[in-house]
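A structural walkthrough
Below, each chain spelled out in residue letters.
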Amino acid sequence: MRHRHSRSVKPRPLRRRAVGATVVVALALAVLTACASSGDDTAQSSVPSIVASTNVYGDIATQVAGDHAEVTSIIDRANADPHDYEATTRNILAVSRADIMIVNGGGYDDFMQTLRDGADNDAATVLDVVGISGHHGGDGGELNEHVWYDFPTVIGLTDRLRDALVGIDPVNAADYRANAGRLTDKIMDLEKTAEKIGAAHPGATVAVTEPVPLYLLDAIGLKNRTPDAFSEAVEEGEEASPAVLADTLALFADDAVDLLVESAQTVSEQTDQVAAAARRHGVPIVSVTETLPAHQSYVTWMAANLEAIAEALDEHPSGSDS
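The structure displayed is predicted, hence computed values, not measured ones.

**Some remarks on the pairing of strand β4 (residues 125-128)**
Across 4 bridges, strand β3 (residues 100-103) lies against β4 in parallel orientation. Across the sheet, the residue bridging to Ile100 is Thr125, located in β4. As for the winding sense of the linkage, the β-α-β connection from β3 through helix α5 (residues 111-119) to β4 is right-handed.

**Description of the sheet that holds strand β1 (residues 49-54)**
Sheet strands line up and pair through hydrogen bonds in the backbone, either parallel or antiparallel. The strand order across the open sheet built from 4 strands is β2-β1-β3-β4, with neighbouring strands paired in parallel fashion. Looking at which strands have only one partner, the edges of the open sheet turn out to be β2 (70-75) and β4. Geometrically, the sheet is characterised by an average inter-axis angle of 15° between neighbouring strands, direction not taken into account. Here β1 runs beside β2; their pairing, made up of 5 bridges, is parallel. Of the residues in β2, the one forming a bridge with Ser49 is Glu70.

**Some words on the pattern of salt bridges**
Applying the stated criterion to the full structure yields 2 salt bridges. The partner of Arg162 in a salt bridge is Asp159, with the nearest N and O atoms 3.4 Å apart. Here Arg162 and its partner Asp159 are both found in helix α7 (residues 151-168), 3 residues apart, which amounts to about one turn of the helix. Among the residues examined, Arg162 registers a relative accessible area of 22% and is labelled partly exposed. Given a relative accessible area of 28%, Asp159 falls into the partly exposed group. Residue Asp163 is joined to Arg162 by a salt bridge in which the shortest nitrogen-to-oxygen separation is 2.9 Å. What emerges from the salt-bridge pattern is a single network uniting Asp159, Arg162 and Asp163.

Cut-offs used in this document
Residues numbered from 1 in each chain as written. Predicted model: local features only at pLDDT ≥ 70, side-chain atom pairs only at ≥ 80, totals over all residues. Heavy atoms only, no water. Pairing = 2+ DSSP bridges. Helix = DSSP H or I, 4+ residues; strand = E, 2+ residues; numbered from the N terminus. Right-handed = clockwise from strand over helix to strand, strands pointing away. Axes fitted to C-alpha atoms, helices over the stretch in contact; angles between N-to-C directions. Salt bridge = Lys/Arg side-chain N within 4 Å of Asp/Glu carboxyl O. Buried < 20%, exposed > 50% of the residue type's maximum accessible area, 1.4 Å probe, protein only.

These figures come from the coordinates and say nothing about function on their own.
Set out below in structure tokens:
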């Protein structure tokens, strides 16, 4: 089971904070003008170039491309908040040269479109992962844009990335296909692990501080008891109403949940209260992140998340009715 990160910070506004277009265009012009004056700087690589919005997608790209492509992740630190991203000239240069761009979509990383506009690169193949997922808010509901926690979506991205690389670099097509096949097999193993955890804990229930891990929890079969208004407020960097907070805290006092899954990158006074209530009533806590931790691959990261959840559920057998 993972331990809670003790930080005393206010949550940041999370949604749809993009890079200022004027700043990006100015930086892009400066970079591209400077590069034009140097033949060495503008020399194009002979291998495909992939730019991913976060290191989650950067790792997936590396797994599929192997040594045959250059992969750049714009957000490349586990403690970075994609919603607070600010452009650098290095990022803009990478985007200007990209053959493939991997974006999350769904309003999560709008800065990627702004970067692309500033870099004046309309030729790149753009893989929009929310679009690939087929998920949408539906019936007026909020879209959960954290689709990298959805295993079928990642398999779909793997297929689309394989096909894009084969189209750009057919000489190495066999390697791209083999790499994609191996990654898909590993993700399918993660799906099987999630199913086994669910089978071992039928009817288990969960609370979350924000919607980040919900696709993973759904794959296990956990029932989310969190009031939508609470997790949505946390995601938006706002405070939930006193009534909504009270309903959330009551989940632990009433033994209505078997597990709390918190987002380590969004901590506030209210999420601290929720975690304190969980500890007070003996409900285990698992902490998850939005970006890839250091020295982890996508597969090892998700395997560790699943292991932590399984251990927590073993620690607190379900006392809730299904």
